[in-house]
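# Topology and contacts: notes
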Amino acid sequence: MGFLIPANSKKSLLIFGLFTPFDLILFGSGVGITTLLLLTLPVEQLSIAVLALMPALICGFLVLPIPNYHNMITIIKNAIDFFTNRQRFVWKGWCVLDEETKQK
């Protein structure tokens, strides 16, 4: 007779059910930088226009919601932690030798 917490109980802590305040600040700063670049750079050439749009596109990609994770930043952080931290797995499961020592 335990209490089961609904799967979406943490969504109420997020803004619009998707974003943390850091996500919105990151995306807002990317859009702000893009706006400044569009106002200052001559965007008649395609390469300069793409360069000016890159901050908003990169920040939008980073805060993109992903199933089973929060967003792309979370996946990148987890991948960096996995590949940079020491991977040492200690066996704590059942073992024949452990069973023999318990019987003696």
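Here the structure is a predicted model, which is why all the values come from computation and not from measurement. (Residues numbered from 1 in each chain as written. Predicted model: local features only at pLDDT ≥ 70, side-chain atom pairs only at ≥ 80, totals over all residues. Heavy atoms only, no water.)

## With respect to the overall build of the protein chain
Within the protein chain one finds four helices and zero strands. Taken from the N to the C terminus, the helices and strands of the protein chain come in the order α-α-α-α. Within the span of the protein chain, comprising 104 residues, buried residues form 14% of the whole. Put simply, 40% of the contacts in the protein chain that link residues at least 6 apart link residues at least 24 apart. For the protein chain, the exposed area adds up to about 8,900 Å²; of that, 71% sits on carbon and sulfur atoms. (Helix = DSSP H or I, 4+ residues; strand = E, 2+ residues; numbered from the N terminus. Buried < 20%, exposed > 50% of the residue type's maximum accessible area, 1.4 Å probe, protein only. Contact = heavy atoms within 4.5 Å. Areas by Shrake-Rupley, 256 points an atom, 1.4 Å probe, with all protein chains shown as cover.)

## Overview of the packing of aromatic side chains
For the structure shown, the criterion picks out one aromatic pair. Note on Phe82 and Phe83: the rings are 5.1 Å apart at their centroids and 80 degrees apart in plane angle, and the pair reads as edge-to-face. What makes Phe82 partly exposed here is its relative accessible area of 48%. (Phe/Tyr/Trp six-rings, centres within 6.5 Å; stacked < 30°, edge-to-face > 60°.)

## A few points about a nonpolar patch on the surface
Taken together, the side chains of Leu38, Val43, Leu46, Val50, Leu51, Leu53, Met54, Leu57 and Ile58 define a hydrophobic patch exposed on the protein surface, amounting to about 790 Å² of accessible area. Per-element tally for the nonpolar patch: the top contributor is helix H2 (residues 46-62), with seven residues. Looking at where Leu46 falls in the secondary structure, it is placed in helix H2. (Patch = residues over 30% accessible without salt bridge, like charges linked within 9 Å, V, L, I, M, F, W, Y side chains within 5 Å. Salt bridge = Lys/Arg side-chain N within 4 Å of Asp/Glu carboxyl O.)

## So, the packing of helix H1 (residues 21-40) against H2
The geometry of H1 relative to H2 is characterised by a closest axis approach of 7 Å and an angle of 170 degrees between their N-to-C directions. With respect to each other, H1 and H2 are oriented roughly antiparallel. Touching Leu26, Phe27, Gly30, Val31, Ile33, Thr34, Leu37 and Leu38 of H1 are Leu51, Ala52, Leu53, Pro55, Ala56, Cys59, Gly60 and Leu62, all from H2. (Axes fitted to C-alpha atoms, helices over the stretch in contact; angles between N-to-C directions. Parallel < 35°, antiparallel > 145°, perpendicular 65-115°, else oblique.)

## Focus on the side chain of Asp23
Tracing the sequence through the fold places Asp23 in helix H1. A polar side-chain atom of Asp23 sits 2.7 Å from a polar atom in the side chain of His70. Beyond its immediate stretch of four places on either side in the chain, Asp23 contacts Leu18, Val63, His70, Asn71 and Ile73. (Polar contact = N/O pair within 3.5 Å; in protein donor to acceptor, adjacent residues only side chain to side chain.)

## Focus: the environment of Ile15
Structurally, Ile15 is set in the segment before H1. If near-sequence neighbours (up to four positions away) are discounted, Ile15 is found in contact with Thr20, Pro21 and Leu24.

## Regarding the environment of Ile75
Along the chain, the position of Ile75 falls in helix H3 (residues 72-84). A sequence separation of 13 residues divides Ile75 from Leu62, and the C-alpha atoms of the two residues are 9.5 Å apart. The contact partners of Ile75, leaving out residues within four places of it in the chain, are Ile66 and Tyr69.

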